[in-house]
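Understanding the architecture of this molecule
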Amino acid sequence: MERSEALAIVEPQLNKARFEHTIRVTDTALELAKKYGGKLKTVELAAIFHDYAKYRNRAEMQRWIETEPLPKDLLDYHHELWHGPVGALLVKREAGIENEDVLSAIRWHTTGRAAMSHIEKLVFLADYIEPGRDFPGVDQVRDAAKQDLDFACWMVSKNTITYLISKNQRIYPDTFHAYNDLTKVMEDTKWREEING
């Protein structure tokens, strides 16, 4: 599927601001893929479709979670997490995309997970650092993204957990698993001193 066709499918699903975000995430993911490697067409499709289900009706998403082979524990967490797993399901059904690398990157782009694939990391990071994002800590992650993909993803996981704790919100287990897995990777690399302060 070409970029223009994919964007034409996604655009009606999103509001203007979210569609512009999607284009920025796509461009950022492609820049990261050019730096760190990855099949550009696969990365592009995953990034274009990553928020496909973002504005689906909450009751509809709940029905998909209840009736399809999706983790039922999602229902115990904030509905903002639902659009990744539900989106992967709907992109397959409605857009006909069956590439598992694309679908997996869509599914995990919000929470992350342990042992993320290369493409999952690219989309996970791109969604966080795209140029339209403006919140405390994002510039440090952008700087890290210029140096090391794993380190930047570790920072995303750490910042996300810290933010959710500051808001007294529950944290989906896969977010902890992503952080723990990436921390292990960091401990085994040149970033050991950085993460240990």
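Reading the values: rules and limits
Sequence order as written defines residue numbering, which begins from 1 separately in each chain. The model is predicted, so local features are restricted to residues of pLDDT at least 70 and side-chain atom pairs to those at 80 or more, both for listing and for counting; the totals for chains, interfaces and linings are taken over all residues. As a rule here, side-chain values come from all non-hydrogen atoms in the structure, and water together with hydrogens is ignored. UniProt positions are given in the numbering used here, feature names are shortened, and annotations may be inferred rather than shown by experiment. Strands are runs of DSSP state E lasting at least 2 residues, helices are runs of H or I lasting at least 4, and numbering of each runs from the N terminus. An expected span of 1.5 Å times one less than the residue number is assigned to each helix. Per-residue accessibility, obtained with a 1.4 Å probe over protein chains only, is compared with the maximum for each type, and a residue is labelled buried under 20%, exposed over 50%, and partly exposed between these values. Here, the term nonpolar core denotes a set of buried Ala, Val, Leu, Ile, Met, Phe, Trp, Tyr and Cys residues that are joined through side-chain atoms within 4.5 Å. In this analysis, two residues are considered to be in contact whenever any of their non-hydrogen atoms come within 4.5 Å of each other. For this analysis, a polar contact is any N or O atom pair within 3.5 Å, provided that within protein one partner can donate a hydrogen and the other can accept it, and provided that sequence-adjacent residues contribute only side-chain to side-chain pairs. Whenever a carboxyl oxygen of Asp or Glu lies within 4 Å of a side-chain nitrogen of Lys or Arg, that contact is scored as a salt bridge. In this analysis, rings of Phe, Tyr and Trp, with Trp reduced to its six-membered ring, are considered paired at centre separations within 6.5 Å, and the interplanar angle assigns stacked below 30 degrees, edge-to-face beyond 60, and tilted for intermediate values.

As annotated in an unreviewed UniProt entry, the chain is bis(5'-nucleosyl)-tetraphosphatase (symmetrical) from Sediminibacillus albus. Per UniProt, the chain has the following entry under Catalytic activity (unreviewed entry): "P(1),P(4)-bis(5'-adenosyl) tetraphosphate + H2O = 2 ADP + 2 H(+)".

Attention shifts here to helix 7 (residues 118-129). Its 12 residues place the ends of helix 7 17 Å apart at the C-alpha level, agreeing with the 16 Å of an ideal helix rising 1.5 Å per residue. With 11 of 12 residues buried, helix 7 is to be regarded as a mostly interior element. Those residues of helix 7 not exposed but buried are Ile 119, Glu 120, Lys 121, Leu 122, Val 123, Phe 124, Leu 125, Ala 126, Asp 127, Tyr 128 and Ile 129.

Attention now goes to the nonpolar core. Phe 49, Val 86, Val 91, Leu 125 and Val 141 are the most contacted members of the largest nonpolar core, which totals 59 residues. Here this core takes 8 residues from helix 7, the largest share from any one element. Not counting chain neighbours up to four residues away, the residues in contact with Phe 49 comprise Met 1, Ala 6, Ile 9, Val 10, Val 91, Ala 95, Ile 97 and Ile 106.

UniProt annotation of "domain: HD" (unreviewed entry) refers to residues 18-132 when read in the numbering used here. Annotated as 63% helix and 0% strand, the span residues 18-132 places its first and last C-alpha atoms 10 Å apart.

As a further point, take the environment of Tyr 36. Residue placement: Tyr 36 occurs in helix 2 (residues 16-36). Apart from residues no more than four positions distant in its own chain, Tyr 36 is found in contact with His 118, Ala 144, Ala 145, Lys 146, Gln 147, Asp 148 and Leu 149. Side-chain polar atoms of Tyr 36 contact the backbone nitrogen of Gln 147, separated by 3.5 Å.

The next thing to look at is the pattern of salt bridges. By the definition in use, this model includes 17 salt bridges. A salt bridge links Glu 68 to Arg 93; its shortest N-O distance comes to 2.7 Å. Within this pair, whereas Glu 68 is found in the loop between helix 4 (58-67) and helix 5 (83-95), its partner Arg 93 is found in helix 5, the two being separated by 25 residues in sequence. Notably, a salt bridge pairs Glu 100 with Lys 92, separated by 4.0 Å at the nearest N-O pair. Several salt bridges converge on common partners, so that one network encompasses Glu 2, Arg 3, Asp 27, Lys 41 and Glu 44.

The final tally for this structure, using the stated rule, is 5 aromatic pairs. Taking 5.9 Å as the distance between ring centres and 55° as the angle between the ring planes, the aromatic pair formed by Phe 49 and Tyr 52 counts as tilted. Residue classification places Phe 49 among the buried residues on the basis of a relative accessible area of 0%. Residues Tyr 77 and Tyr 172 carry aromatic rings whose centres are separated by 5.0 Å and whose planes lie at 85° to one another, so their mutual orientation is edge-to-face. Placement of Tyr 77 in the loop between helix 4 and helix 5 and of Tyr 172 in the loop between helix 9 (149-166) and helix 10 (173-187) is noted, with a sequence separation of 95 residues between them. Both residues of the pair, Tyr 77 and Tyr 172, count as buried.

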